[in-house]
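Residue-level listing of the chains:
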Amino acid sequence: MPELPEVETIRRDLTSRIIGRTVVEAWVSPDAPRLVQDETPESFCRRLAGRTIEELDRRGKYLLLRLAGGLTWIVHLRMTGGLIHLPPPKADGARNGCRDERFLRARFRLDDGGELCYVDLRKLGTMWLVEDESSVVGKLGPEPLGEAFDPQEMRRLLAKRAAPVKSVLMDQRAIAGIGNIYADESLFEARIRPAKAARRLSRVAAERLHWAIRKVLVEALGNRGSSFRDYVDAEGEQGMHQLRVKVFRRTGEPCYVCGTAIRRIKVGGRSTHYCPRCQR
Ligand SMILES: [Zn+2]
């Protein structure tokens, strides 16, 4: 469920807390056997220990923690993953534990006494420790808030695609970082039917969609992301944007623009919310 605004919120929060810190000990729970990719959890923990975190970046929905010595620790939170920072204990020894120890899947002790806790209810999240980042994130499309993503690029992405425009928005190889929430919200903002074939969008509609995607993502970032279910930021707090959405999970409720009931359909197998009157 975490999409670009949620992962970017975590990245920004963690930056001041963990840059320059060294991982002194890593632990992966035996009940999360699929968390670590391409090697055993033991080997992952051994290679991670002793490394200093030099840079924190994001690509689409992936967090990239660049480490001393040329390795990158890549984290994808998937549906219910969360990366929560516990600050070093206070002088009196008191510290907050991870909010829900039942879902604690991995723990990374830092050299200042702080900790990074990886929690994940459904255990779908994944981590890699790689020399070559492109082996994991190399096929992602452009960053929707990046400079390279301009209206021409949007038109190029939609052209020749017979798939519904919503499916193209959610295709990480087309554009990186958009999932179900922000695809629905962007299409409402652009007044476009989610099921419409991408290649049938007019030039004007494609440019409106480009503007809408950026508007929606920037607003969601300003609200520290959306917490419909499990998403929490790096301090374990919920975002606020779920209170501001215009169509997502508002089935049957009146459209804020025209009053028509928001409708729910399936597009590409995913629940899709739209206003049948505003979106054409
Ligand atoms: Zn409407």
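Bear in mind the structure is a predicted one, so any value in this text is a computation, not a measurement.

### Quick look at the domain arrangement of the protein chain
Structurally, the protein chain comprises domain 1 (4-137) and domain 2 (151-231 + 241-274). Here the C-alpha centre of domain 2 lies 30 Å away from the C-alpha centre of domain 1. Between domain 1 and domain 2, the residue contacts involve 14 residues of the former and 15 residues of the latter. Across the domain 1/domain 2 interface, buried area totals approximately 1,200 Å², and carbon plus sulfur atoms make up 61% of it. Broken down residue by residue, the surface that domain 1 buries against domain 2 is led by Leu4, Pro5 and Glu6, which jointly contribute 41%. Across the contact surface, domain 1 and domain 2 share one salt bridge. Two residues, Asp13 and Arg224, come together in a salt bridge whose shortest N-O distance is 2.4 Å. The dominant element in the side of domain 1 that touches domain 2, judged by the number of residues it contributes, is helix α1 (residues 4-18), at eight residues. Of the residues in the side of domain 1 that touches domain 2, the class split is four nonpolar, three polar and seven charged.

### Some thoughts on the side chain of Asn180
Of note, Asn180 is situated in helix α6 (residues 180-189). A distance of 3.1 Å separates the side chain of Asn180 from the backbone oxygen of Ser271, its partner in a polar contact.

### Looking at the coordination of the zinc ion
Protein ligation of the zinc ion involves Cys255 (SG), Cys258 (SG), Cys275 (SG) and Cys278 (SG), the donor distances falling in the range 2.3 to 2.4 Å. Coordination at the zinc ion comes from four donor atoms whose angles at the metal span 99 to 113 degrees, giving a geometry best classed as tetrahedral. Spacing between the donor residues of the zinc ion along their common chain follows C-x2-C-x16-C-x2-C. With Cys255 in the loop between α7 (203-222) and β9 (263-267) and Cys275 in the segment after β10 (270-274), this residue pair connects regions lying 20 residues apart in the sequence.

### Side note on the packing of helix α4 (residues 151-158) against α7
It is at 9 Å that the axes of α4 and α7 come closest, and there the two elements cross at 115 degrees. Regarding α4 and α7, the two cross each other, and that crossing is right-handed. Contacts between α4 and α7 involve Pro151, Met154, Arg155 and Leu158 on the former and, on the latter, Arg203, Ala206, Glu207, Leu209, His210 and Ile213.

Cut-offs applied
- Residues numbered from 1 in each chain as written.
- Predicted model: local features only at pLDDT ≥ 70, side-chain atom pairs only at ≥ 80, totals over all residues.
- Heavy atoms only, no water.
- Domains from an automatic or database assignment.
- Contact = heavy atoms within 4.5 Å.
- Buried area = accessible area lost by both parts, 1.4 Å probe.
- Salt bridge = Lys/Arg side-chain N within 4 Å of Asp/Glu carboxyl O.
- Helix = DSSP H or I, 4+ residues; strand = E, 2+ residues; numbered from the N terminus.
- Nonpolar A, V, L, I, M, F, W, Y, C, P; charged D, E, K, R; others polar.
- Polar contact = N/O pair within 3.5 Å; in protein donor to acceptor, adjacent residues only side chain to side chain.
- Donors = N, O, S within 2.8 Å, 3.2 Å for Na, K, Ca; no water.
- Tetrahedral: all angles 85-135°; square planar, octahedral: opposite > 155°, others 65-115°.
- Axes fitted to C-alpha atoms, helices over the stretch in contact; angles between N-to-C directions.
- Left-handed = near helix turned anticlockwise from the far one by under 90°.

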